[in-house]
Amino acid sequence: MSEDATNSDATNSDDRLRLLIERVERLEEEKKGIADDIRDVYGEAKAVGYDAKIMRQIVRLRKMAPDDRREMETILDLYKAALGIG
């Protein structure tokens, strides 16, 4: 392989790396914007009297598969009973 071909490969690799890094940076910026939007929604909910902490728990539960959620609730109930809570 000639030196020009090697330099060309290195340049292509450098360009590819730079493009990948720039994509990650754009996505990170979008993620920050979305996180800010989510924080604003929780703030709005709190302003009208909802509990943001409970809302976050509900969002987490809704993401779970129904079987996983039932299993977690069963184990939680078992632990609470063992500790005499509720």
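Everything below is about the structure printed above this text.
Residues numbered from 1 in each chain as written. Predicted model: local features only at pLDDT ≥ 70, side-chain atom pairs only at ≥ 80, totals over all residues. Heavy atoms only, no water.

J.: Tell me about the overall build of the protein, and name the residues and values.
T.: A count of helical and extended segments in the protein gives 3 helices and 0 strands. Sequence-ordered secondary structure for the protein, helices as α and strands as β, is α-α-α. Computed over the C-alpha atoms, the radius of gyration of the protein is 25 Å, more than 25% above the 12 Å expected from 2.2 N^0.38 for a compact globule of 86 residues. Principal axes of the C-alpha set define a box for the protein whose edges measure 75 × 35 × 20 Å. Working note: accessible area of the protein is about 7,800 Å², and carbon and sulfur atoms make up 56% of it. Averaging the locations of the 16 positively and 20 negatively charged side chains of the protein gives two centres separated by 10 Å. (Helix = DSSP H or I, 4+ residues; strand = E, 2+ residues; numbered from the N terminus. Rg over C-alpha atoms; globule rule 2.2 N^0.38 Å. Areas by Shrake-Rupley, 256 points an atom, 1.4 Å probe, with all protein chains shown as cover. Lys, Arg positive; Asp, Glu negative; His and termini not counted. Charge placed at Lys NZ, Arg CZ, Asp CG, Glu CD.)

J.: Break down the packing of aromatic side chains for me, citing the residues and quoting the values.
T.: Counted by the stated rule, this structure contains 0 aromatic pairs. The ring centre of Tyr 42 lies 3.9 Å from the NZ or CZ of Arg 56, which sits over that ring. (Phe/Tyr/Trp six-rings, centres within 6.5 Å; stacked < 30°, edge-to-face > 60°. Lys NZ or Arg CZ within 6 Å of the ring centre and 35° of its normal.)

J.: Outline helix α3 (residues 66-83), listing residues and values.
T.: Taking 1.5 Å as the rise per residue, α3 with 18 residues should run 26 Å; its terminal C-alpha atoms sit 26 Å apart, in good agreement. Two residues or fewer past α3, Gly 84 is found with a positive phi of approximately 70 degrees. (Expected span 1.5 Å × (residues − 1).)

J.: Summarise the pattern of salt bridges; cite the residues concerned and give the values.
T.: Following the criterion strictly, the structure yields 6 salt bridges and no others. In this structure, Arg 18 and Glu 22 form a salt bridge, with 3.3 Å as the shortest nitrogen-oxygen distance. Pair noted here: Arg 18 and Glu 22 are both in helix α1 (residues 3-47), with a separation of 4 residues, about one helical turn. The exposure class of Arg 18 is partly exposed, given its relative accessible area of 42%. Beyond isolated ion pairs, a larger network of salt bridges with shared partners links Asp 15, Arg 18 and Glu 22. (Salt bridge = Lys/Arg side-chain N within 4 Å of Asp/Glu carboxyl O. Buried < 20%, exposed > 50% of the residue type's maximum accessible area, 1.4 Å probe, protein only.)

J.: Report on the environment of Asp 15, specifying residues and quantitative values.
T.: With respect to the helices and strands, Asp 15 occurs in helix α1. Each C-alpha atom of the pair Asp 15 and Asp 36 lies 32 Å from the other, and the pair is 21 residues apart in sequence.

J.: So what's going on with a nonpolar patch on the surface? Residues and values would help.
T.: Among the surface-exposed residues, Ile 75, Leu 78 and Tyr 79 lie close enough to one another that they form a single nonpolar patch of about 330 Å² accessible area. Positionally, Leu 78 belongs in helix α3. A relative accessible area of 57% places Leu 78 in the exposed class. (Patch = residues over 30% accessible without salt bridge, like charges linked within 9 Å, V, L, I, M, F, W, Y side chains within 5 Å.)

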